[in-house]
Amino acid sequence: MDKLIKFTFITSVLISFNMAKAEKLKRGNQLPIQSVTDVFGKQVNLSDGKVFLTFYRNVDCAMCNLRIHNLLADSQAFKSAGIKVIIALQSDAAVIIEHLNGESFPYTLVADPDQELFNKLGGERSKMKSIKAFRRIRSVVQIKKRKIPLIKEQRGDMEMAPIELLLNKGEVLKSHYAGDIGDHLKIKHVISRFAKKG
């Protein structure tokens, strides 16, 4: 009898979890969150103009660091196009600030250590997607070339798959739920997609 009660309880919890899981966003959807707070405590409006909202893993993730390096290389292009870039990481605010090492950063950084925002936007976890990223030989070469540390132990969810969203006044223009942790939208396509919107 006790086993039956325990089984029923676990089953109900799993069902509730699946029901509560947010669906992935699609083109034309309105973003379910209106604002975020950056690592310095400043409130940032997500419905204000053009926004490139991204969710990556933690500060120790080499593949994510490579992506951020590539975004930084095009910071002037984003600025010229009037695109606000917001990067959410699954790390505490203090850890992210420490990782900046006192250097200025052109984009908004958001701490989402408990993945609350990530979950609201239909984020998913997959061990297979994490493993698949190692097939990206070019990315691995770039990581080594840029001397990005390959840390074995990471302070975060190893199975979190990135999300990249193109938003215009809170409306989703394009959503990208990564096929693996190294799967990202091409930056020139992001900028040109916003340019078409005007």
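Everything here concerns the structure above.
Here's what I pulled together on the structure shown here. (Residues numbered from 1 in each chain as written. Predicted model: local features only at pLDDT ≥ 70, side-chain atom pairs only at ≥ 80, totals over all residues. Heavy atoms only, no water.)

1. A few points about the pairing of strand β5 (residues 108–111)
- With four bridges connecting them, strand β4 (residues 83–89) and β5 associate as parallel partners. Across the sheet, the residue bridging to Ile-86 is Thr-108, located in β5.
- In this fold, β4 hands off to helix α4 (residues 93–100), which returns the chain to β5; that crossover is right-handed. (Pairing = 2+ DSSP bridges. Helix = DSSP H or I, 4+ residues; strand = E, 2+ residues; numbered from the N terminus. Right-handed = clockwise from strand over helix to strand, strands pointing away.)

2. Thoughts on the pattern of salt bridges
- Tallying each qualifying case throughout the model produces three salt bridges.
- One salt bridge in this structure joins Arg-67 and Glu-164, with 3.0 Å as the shortest N-O distance. Taken together, the positions of Arg-67 in helix α2 (residues 62–73) and Glu-164 in strand β6 (residues 163–168) put the pair 97 residues apart, joining distant regions of the chain. Exposure class is identical for Arg-67 and Glu-164. Each is buried. (Salt bridge = Lys/Arg side-chain N within 4 Å of Asp/Glu carboxyl O. Buried < 20%, exposed > 50% of the residue type's maximum accessible area, 1.4 Å probe, protein only.)

3. Description of α2
- With twelve residues, α2 extends 17 Å from end C-alpha to end C-alpha; this agrees with the ideal 16 Å at 1.5 Å per step.
- Within α2, burial applies to Ala-62, Met-63, Cys-64, Asn-65, Leu-66, Arg-67, Ile-68 and Leu-71. (Expected span 1.5 Å × (residues − 1).)

4. Side note on the layout of surface pockets
- Taken as a whole, the largest pocket holds about 560 Å³ of empty space.
- In terms of lining, the largest pocket is formed by 16 residues, of which the most central are Arg-67, Asn-70, Ser-139, Gln-142 and Lys-186.
- Breaking the lining of the largest pocket down by element, the ones donating at least two residues are α2, α7 (137–145) and α8 (187–197).
- With four residues, α2 is the largest single contributor of residues to the lining of the largest pocket.
- Per-class residue counts for the lining of the largest pocket are four nonpolar, five polar and seven charged.
- Empty space within the second largest pocket amounts to approximately 450 Å³.
- Lining the second largest pocket are 23 residues, and of these Asn-65, Ile-68, His-69, His-99 and Leu-100 lie nearest its centre.
- Sorting the residues of the lining of the second largest pocket by element identifies α2 and α4 as the ones contributing at least two each. (1 Å grid on protein atoms, 1.4 Å probe; cavity = no way out; pocket = protein on both sides within 12 Å on 5 of 7 lines; lining within 4 Å. Points joined across faces, edges and corners; volume = space filled by probe spheres on them. Nonpolar A, V, L, I, M, F, W, Y, C, P; charged D, E, K, R; others polar.)

5. Things to note about the nonpolar core
- In this structure, Phe-52, Leu-71, Phe-78, Ile-87 and Leu-89 are the most contacted members of the largest nonpolar core, which totals 31 residues.
- Of all the secondary-structure elements, those providing two or more residues to this core are β3 (50–56), α2, β4, α4 and α8.
- No other element matches the six residues that α2 contributes to this core.
- Judged by nonpolar contacts, the second largest core, of 21 residues, contains Val-36, Val-51, Phe-55 and Ala-88. (Core = buried A, V, L, I, M, F, W, Y, C linked by side-chain atoms within 4.5 Å.)

6. Quick word on unusual backbone geometry
- One non-glycine residue, Asn-101, adopts positive backbone phi at about 55°.
- The backbone of Gln-115 sits at a positive phi, close to 60°, despite the residue not being glycine.
- Note on placement: Gln-115 falls in the loop between β5 and α5 (116–120).

7. Let's talk about the side chain of Asn-65
- Structurally, Asn-65 is set in helix α2.
- Classification of Asn-65 by relative accessible area gives buried; the value is 15%.
- Among the polar contacts made by the side chain of Asn-65, one reaches the main-chain carbonyl oxygen of Cys-61 at a distance of 2.9 Å. (Polar contact = N/O pair within 3.5 Å; in protein donor to acceptor, adjacent residues only side chain to side chain.)

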